[in-house]
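Below are the chains, spelled out letter by letter.
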Amino acid sequence: MDFELTEEQKEFKALARGILEKELKPLVLRLDEKSVYHAGFIKEILEKEIGLLAVKLAEEGVYAAKFIAALEEKLKLLARALPEESAYPLDFIKKMGNLGFMGIFIPEEYGGLGKSLFEFALVAEEIARVCLSAATAYGVIALGTLPILLSGTEEQKKKYLTKIASGEMLVAFAITEADAGSDVMAMKMRAARDGDFYVLNGMKQFITSAGPSDIYSVFAKTNPEKGERGVSGFIVEKETPGLEFGEKEKKLGIRASETRSLILTDCKVPAENLIGGRENLGAIHILNTLNRSRIVVGALGVGCAEGALKQAISYAKERKQFGQSIASFQIIQHKLAEMAVRVETAKLLVYKAAWLAGQKDTGKSVLAKFGAMAKYFAAQAACNNADDNIQICGGMGFMEEFGAAKRWRDSRILRIYEGTDEIQKNEIARILIKESAN
Ligand SMILES: Cc1cc2nc3c(=O)[nH]c(=O)nc-3n(C[C@H](O)[C@H](O)[C@H](O)COP(=O)(O)OP(=O)(O)OC[C@H]3O[C@@H](n4cnc5c(N)ncnc54)[C@H](O)[C@@H]3O)c2cc1C
């Protein structure tokens, strides 16, 4: 068996790495949302806000416990008001589009490079070594594009894939709702036919790149009484009247990847934007998409785990304690060894799943099983490596400017989006049990 990447695949990785070193690396920490500590601002709070509150409460004869509770409330409000910076990496994403990286897996007839999801995943992996926020903003392009690529009509492919491939249009994917997360088929968003249009009403939450994206693959119920057999997919353009966006969510990590709600109120979508031109096939479109896009999330995990390992090795060699480099301590060496094993194991699983996705004779459940395994394992590898990296780097690992803390915060999302760890394990076990019956 040959486990080597092809020369062309290696070139994609090298090309992506070259661009990232130059374009993305210098920006990484600035892209992340930073709470900026202003001594003057804090002093002002202490003198003005808290002072006034204390005086007011004292005048009213409020007891200490109440004072502390009121103070906490006030501080929470003030903390939220602290100046924050964040930046969706639009220039970087557009540049990737101009270079053809968005359309790697889009066929040449629609303006893409005509490669497979494997090559897209390799580039996603490289970006994630540097910054998981930017890698998420990149990876979501596959998530939003796949429903159109796999199931769209010829007109839909011609109209949208060409613009996605050129980087002219950014795309997002919307299935999650407040009461439909893991149980996504419980979605309530309604799509009712009205002449040449479908009228969409409802709300989607936690949508990656909602706001910066130009088009949205949105799923809604055309026949609610049919349950998951009544779901359909729609391509919704950003400027469609009735489509609004919620506030940008404040998150634990991947802060430069924007996450918002989509609010659709009597949003009239042309009937020709019904994905595939047929109603009630949305559940199939969603599953076909997730079975492949989870491989890309797995690749993000590999990149993130690898980035952590690289930083840990370099710091361990440099840092001296007790008169020697900490890399000479066996306990540090064992941590590095475990981290490397995680990277290689995750890589094997992700690459196998990506390879299977490109084979015509791969069955649906085999792809679903390996996609879930790859995502589950690589996400764990990323989180564990990000954590071990901080431990190896000690106090320096805890410092924001060092970058290890950001990777630790960012990596956690890999175990949640596009299906939690638990949902991946449910899926793997369901298929194993089904396979054993054959
Ligand atoms: C930053 C971010 C970006 C996202 N981007 C997108 C996007 O672009 N598009 C989109 O549509 N969605 C997106 N999501 C939504 C994401 O896919 C969901 O959050 C995720 O699928 C989990 O759903 P939930 O949050 O409702 O959790 P819940 O489903 O409420 O789960 C809560 C807990 O219960 C567990 N659980 C639930 N059901 C079971 C079960 N049957 N067996 C065992 N355990 C179970 C879960 O594993 C989890 O631990 C994003 C989320 C985040 C946080």
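Residues numbered from 1 in each chain as written. Predicted model: local features only at pLDDT ≥ 70, side-chain atom pairs only at ≥ 80, totals over all residues. Heavy atoms only, no water.

**Structural notes on the pattern of salt bridges**
Close approach of charged atoms allows side chains with opposite charge to pair. Applying the stated rule across the entire model yields 20 salt bridges. Between Glu-125 and Lys-13 there is a salt bridge whose closest N-O contact spans 2.7 Å. Of this pair, Glu-125 sits in helix H6 (residues 117-130) while Lys-13 sits in helix H1 (residues 7-24), and the two are 112 residues apart along the sequence. Taken individually, Glu-125 and Lys-13 each receive the classification buried, so the pair is uniform in this respect. Residues Arg-342 and Asp-388 are paired through a salt bridge, measuring 3.1 Å at the closest nitrogen-oxygen approach. Of this pair, Arg-342 sits in helix H10 (residues 330-357) while Asp-388 is found in helix H11 (residues 364-398), placing the two residues 46 residues apart along the sequence. Just as Arg-342 is buried, Asp-388 falls in that class too. Three or more residues joined by partner-sharing salt bridges are found here, namely Lys-13, Arg-17, Glu-125, Glu-126, Arg-129, Glu-306 and Lys-347. (Salt bridge = Lys/Arg side-chain N within 4 Å of Asp/Glu carboxyl O. Helix = DSSP H or I, 4+ residues; strand = E, 2+ residues; numbered from the N terminus. Buried < 20%, exposed > 50% of the residue type's maximum accessible area, 1.4 Å probe, protein only.)

**What about the environment of Gly-246?**
Relative to the elements of secondary structure, Gly-246 occurs in the loop between strand S8 (243-245) and strand S9 (259-270). According to the relative accessible area criterion, Gly-246 is buried, its value standing at 17%. The sequence separation of Gly-246 and Ala-210 amounts to 36 residues, and the corresponding C-alpha distance is 8.8 Å. Filtering out sequence-adjacent residues up to four positions away, Gly-246 remains in contact with Arg-260, Ser-261 and Ile-263. (Contact = heavy atoms within 4.5 Å.)

**Topic: the state of the cysteines**
Evaluation of the coordinates by the stated rule reveals 0 disulfides. A disulfide-free cysteine, Cys-383 has its sulfur positioned 7.4 Å from the sulfur of Cys-304, the nearest such atom. (Disulfide = S-S within 2.5 Å.)

**Observations regarding the packing of aromatic side chains**
Pairs of aromatic rings are described using the distance from one ring centre to the other and the angle between the two planes. Across all of its chains, the model carries 7 aromatic pairs by this definition. A centroid spacing of 4.4 Å and a plane angle of 15° characterise the contact between Phe-120 and Tyr-138, whose relative ring orientation is stacked. Of the two residues, Phe-120 is situated in helix H6 and Tyr-138 in helix H7 (residues 132-151); the sequence distance between them amounts to 18 residues. The class of Phe-120 is buried, set by a relative accessible area of 0%. Owing to a relative accessible area of 0%, Tyr-138 belongs among the buried residues under this scheme. Connected via pairs of aromatic rings, a cluster forms that spans Phe-105, Phe-120 and Tyr-138. Lys-268 extends its terminal NZ or CZ atom over the ring of Phe-197, reaching a point 4.8 Å from the ring centre. (Phe/Tyr/Trp six-rings, centres within 6.5 Å; stacked < 30°, edge-to-face > 60°. Lys NZ or Arg CZ within 6 Å of the ring centre and 35° of its normal.)

**Quick word on unusual backbone geometry**
In this structure, Asn-280 takes a positive phi of about 70° despite not being glycine. Take Asn-280: its relative accessible area is 19%, and that puts it in the buried class. The phi torsion at Phe-322 lies on the positive side, around 50°, for a residue other than glycine. With respect to the helices and strands, Phe-322 occurs in the loop between strand S10 (320-321) and strand S11 (324-325).

**A look at the pairing of strand S6 (residues 215-221)**
In regular strands, side chains alternate between the two faces of the sheet. Burial analysis of S6 places 7 of its 7 residues in the buried class, which makes it a mostly covered element. The alternating pattern of S6 places Ile-215, Ser-217, Phe-219 and Lys-221 and Tyr-216, Val-218 and Ala-220 on opposite faces, both of which are buried. Relative to S6, strand S3 (residues 171-174) is paired through 4 bridges, and the arrangement is parallel. Residue pairing in the sheet places Ala-172 in a bridge with Tyr-216 of S6. Where S6 meets strand S7 (residues 231-237), 7 bridges bridge the pair, whose relative direction is antiparallel. In the sheet register, Ala-220 faces S7, and the bridge partner there is Ser-232. (Pairing = 2+ DSSP bridges.)

**A closer look at the site of the ligand**
Lining the immediate environment of the ligand, one finds 20 residues, of which Thr-176, Ser-182, Thr-208, Thr-420 and Glu-422 sit closest. Separating a nitrogen atom of the ligand from a backbone N or O atom of Phe-173 is a distance of 2.8 Å. Within the side chain of Ser-182, a nitrogen or oxygen atom sits 2.6 Å from an oxygen atom of the ligand. Taking 980 Å² as the accessible area of the ligand by itself, protein coverage stands at 65%. Looking at the shell around the ligand, the elements with two or more residues in it are S3, strand S5 (197-208) and helix H13 (421-437). Here the residues of the shell around the ligand sort into 10 nonpolar, 7 polar and 3 charged. (Near = heavy atom within 4 Å. Polar contact = N/O pair within 3.5 Å; in protein donor to acceptor, adjacent residues only side chain to side chain. Areas by Shrake-Rupley, 256 points an atom, 1.4 Å probe, with all protein chains shown as cover. Nonpolar A, V, L, I, M, F, W, Y, C, P; charged D, E, K, R; others polar.)

**Let's talk about the packing of H7 against helix H8 (residues 154-165)**
With their axes 10 Å apart at the nearest point, H7 and H8 run at an angle of 160° to one another. Considered as vectors, H7 and H8 are oriented roughly antiparallel to each other. Considering the relative orientation of H7 and H8, their crossing is left-handed. Where H7 approaches H8, its residues Ile-141, Thr-145, Ile-148 and Leu-149 are matched on the opposing element by Gln-156, Lys-157, Tyr-160, Leu-161 and Ile-164. (Axes fitted to C-alpha atoms, helices over the stretch in contact; angles between N-to-C directions. Parallel < 35°, antiparallel > 145°, perpendicular 65-115°, else oblique. Left-handed = near helix turned anticlockwise from the far one by under 90°.)

**Focus: a nonpolar patch on the surface**
Together, Met-1, Phe-3 and Leu-348 line one region of the surface with nonpolar side chains, adding up to about 450 Å² of accessible area. Structurally, Met-1 is set in the segment before H1. (Patch = residues over 30% accessible without salt bridge, like charges linked within 9 Å, V, L, I, M, F, W, Y side chains within 5 Å.)

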